[in-house]
Amino acid sequence: MTGQHKEIEFERELAEYLEAHGWLYSNNDDLYDVERALLPEDVFGWLGQTQKAAFQKFIKPGSPDEDKRRRMLLDRLVKSLDKPMTDREGALRTLRKGFNVAGLGAGSAKFDMMQAKPETSLNPTTQARYEANRLRVMRQVHYGDGNKSIDLVFFLNGVPVATAEVKTENTQTVENAKQQYRERIIQPKGKKPFALLGNGTRALVHFAVSEDEVWMTTKLDGAKTRFLPFNRGTED
């Protein structure tokens, strides 16, 4: 078995484990919107299930401009996600506080993008919204021009919140995964940064993973990127 094949098998094993524990699983990135760095199917699925009245009021299913309204909603979500963390905005705030959208004669609406775990199960509506959260793992996600892809990306209701680069110790080490991250953020001069890998604009944490070690960083900063151990030990 070649080294690359072993890495693919390890990547697949991780994804299938999550699937067995309730996650949605995509073995390719066909559903992924590269430009927006979103998974529209899960965004709309979450909004339609948990905020049906407001969602249908804005989208107007079956109307001639339904597709236009869907694009507008996604673009407004992107605008909220793209705000820099220095302005107390970006992905984390959007997930916690939601986002506003207005226009196309539908008035204004505020949409929540997640439901935190309730402290108790006494409120069935809140509990149902929490259980409706869509967690998805997607393999080989292309994030920009060309064929560059990341092994695993983890989504919450269509918003990418974490990435992982997977290595096997008998081929490349976790240090190789770290180096790949350090090189990925480098952009050709004059080009817009990759949304998926921006500081707080989408994925909030990036993991370098092997069978024995896991390291993490919350900010990709080229050669200056610093990783901290995320190791939790093994049975021995």
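Conventions we followed
- Residues numbered from 1 in each chain as written.
- Predicted model: local features only at pLDDT ≥ 70, side-chain atom pairs only at ≥ 80, totals over all residues.
- Heavy atoms only, no water.
- Salt bridge = Lys/Arg side-chain N within 4 Å of Asp/Glu carboxyl O.
- Helix = DSSP H or I, 4+ residues; strand = E, 2+ residues; numbered from the N terminus.
- Buried < 20%, exposed > 50% of the residue type's maximum accessible area, 1.4 Å probe, protein only.
- Pairing = 2+ DSSP bridges.

Undergrad: Explain the pattern of salt bridges to me, using residue names and the numbers behind them.
TA: Enumeration over the complete set of coordinates arrives at 15 salt bridges. Linking Asp82 and Arg202 is a salt bridge whose minimum nitrogen-to-oxygen distance equals 2.9 Å. Separated by 120 residues along the polypeptide, Asp82 in the loop between α4 (66-81) and α5 (90-97) and Arg202 in the loop between α7 (174-184) and β7 (205-209) bring together distant segments of the chain. Note that Arg184 is salt-bridged to Glu165, the shortest N-O span being 3.0 Å. Of this pair, Arg184 sits in helix α7 while Glu165 sits in strand β6 (residues 159-166), and the two are 19 residues apart along the sequence. Residues joined by salt bridges that share partners form a network here, namely Glu41, Asp42, Arg134 and Arg136.

Undergrad: Hey, could you go over the pairing of β7 for me, with residue numbers and the actual values?
TA: Burial analysis of β7 places five of its five residues in the buried class, the great majority of the element. With burial as the criterion, each face of β7 is covered, one bearing Val205, Phe207 and Val209 and the other bearing His206 and Ala208. As paired elements, β6 and β7 share five bridges and run parallel to each other. In the strand pairing of β7, Ala162 is matched with Val205. Sheet topology note: the β7/strand β8 (residues 214-217) ladder contains four bridges and is antiparallel. Bridged to Ala208 within β8 is Trp215.

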